[in-house]
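In case you want the letters, here they are:
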Amino acid sequence: MVCLGNICRSPIAEGIMKNMIQINHLNWMVDSAGTESYHVGEPPHPYSQKICQKYHVDISQQKARQFVVEDFKLFDKIYCMSKDVMNIVKHQAGSSFDENKVSLFLNELYPSENRSVPDPWYGEEEDYVIVYDLINKTCEKIVAKYKSELF
Ligand code: 4NP
C-alpha cells in the first residue's frame, strides 16, 4: 500500500487489510510505504489514527517508511493510492518496474476508472472519514477477489 507520506492514506490501508487478513485467516503479508521521505519514522496522522480507532483498527504502532525498489521483489502486488504516487513509483523503480504488480488501488473498487484516493493532508477530519470508507470498501473487494487463491 503506497501513498506519498505514508502517514495518512496507506497506514489506514495497511491497518484495515491486516485486520481483514486476521479475520479471514489469510497468510498474506501487507505493509505500507510512502514515495516521499518527509515523514519517515513518524506515526500515522492523528485523524487517521482516530478514524481507525473508531473501527477497532489499531495503527498507532506504525512508523512511516519510504518506498524502495526492493519492494518489487518482496511483494506480489503494489497498490498505489493515487495517480501521482503511481508515476513516482514508476520513475523510482526504473528498470525494476513491473507493471503486472502495480495498480491503482481504487481500480479494485471502480474498475478501469483510474480514480485516486483523495489526499487528506490539507483537509479536515471529515476528509479522513471519506478516505477510510473508500479504503475499507476497496480492501473488502481485494479480499473477496483473492482470498481463494493460494500464494
Ligand atoms: P499521505 O498524505 O500520502 O496519504 O500520507 C500526505 C502526507 C504528507 C504530505 C502529503 C501527503 N506532505 O506533503 O507532507
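Under an unreviewed UniProt entry, the name given to the chain is protein-tyrosine-phosphatase, and the source organism is Taibaiella lutea. Word for word, the UniProt comment on the chain under Sequence similarities (unreviewed entry) is "Belongs to the low molecular weight phosphotyrosine protein phosphatase family."

(A) View of the nonpolar core. Membership of the largest hydrophobic core comes to 29 residues, with the highest contact counts inside it found for M17, F105 and I135. Of all elements in the fold, only α1 (9–23), α2 (46–54) and α5 (125–146) reach the threshold of two or more residues within this core. The greatest single-element share of this core, amounting to eight residues, is contributed by α5. Excluding residues within four positions of it along the chain, I135 makes contact with R9, I12, A13, I16, M81, F105 and V117. Counting 12 residues, the second largest nonpolar core, distinct from the first, contains V2, F75, I78 and V89.

(B) Expanded view of the side chain of E108. Considering the arrangement of structural elements, one finds E108 in the loop between β4 (102–104) and α5. On the basis of relative accessibility, which here comes to 12%, the residue E108 falls in the buried class. A polar contact is formed between the side chain of E108 and the side chain of K145, at a distance of 2.9 Å. When sequence neighbours within four positions are dropped, the list of residues in contact with E108 reads Y79, T138, K141, I142, K145 and Y146.

(C) The arrangement of the layout of surface pockets in detail. Of the volumes computed, that of the largest pocket is approximately 530 Å³. What lines the largest pocket is a set of 24 residues, and nearest its centre among them are M29, V30, F75, D76 and K77. For the lining of the largest pocket, the secondary structure elements donating two or more residues are α1, α3 (71–74), β3 (78–80) and α5. Residue composition of the lining of the largest pocket, by class: 16 nonpolar, two polar and six charged. In this model, the second largest pocket occupies a volume close to 160 Å³. Lining the second largest pocket, in full, are I16, N19, M20, I23, I51, Y55, V57, V129, Y132, D133 and N136. Here the lining of the second largest pocket is composed, by residue class, of eight nonpolar, two polar and one charged.

Cut-offs and rules
Residues numbered from 1 in each chain as written. Predicted model: local features only at pLDDT ≥ 70, side-chain atom pairs only at ≥ 80, totals over all residues. Heavy atoms only, no water. UniProt positions renumbered as here; feature names shortened; annotations may be inferred. Core = buried A, V, L, I, M, F, W, Y, C linked by side-chain atoms within 4.5 Å. Buried < 20%, exposed > 50% of the residue type's maximum accessible area, 1.4 Å probe, protein only. Helix = DSSP H or I, 4+ residues; strand = E, 2+ residues; numbered from the N terminus. Contact = heavy atoms within 4.5 Å. Polar contact = N/O pair within 3.5 Å; in protein donor to acceptor, adjacent residues only side chain to side chain. 1 Å grid on protein atoms, 1.4 Å probe; cavity = no way out; pocket = protein on both sides within 12 Å on 5 of 7 lines; lining within 4 Å. Points joined across faces, edges and corners; volume = space filled by probe spheres on them. Nonpolar A, V, L, I, M, F, W, Y, C, P; charged D, E, K, R; others polar.

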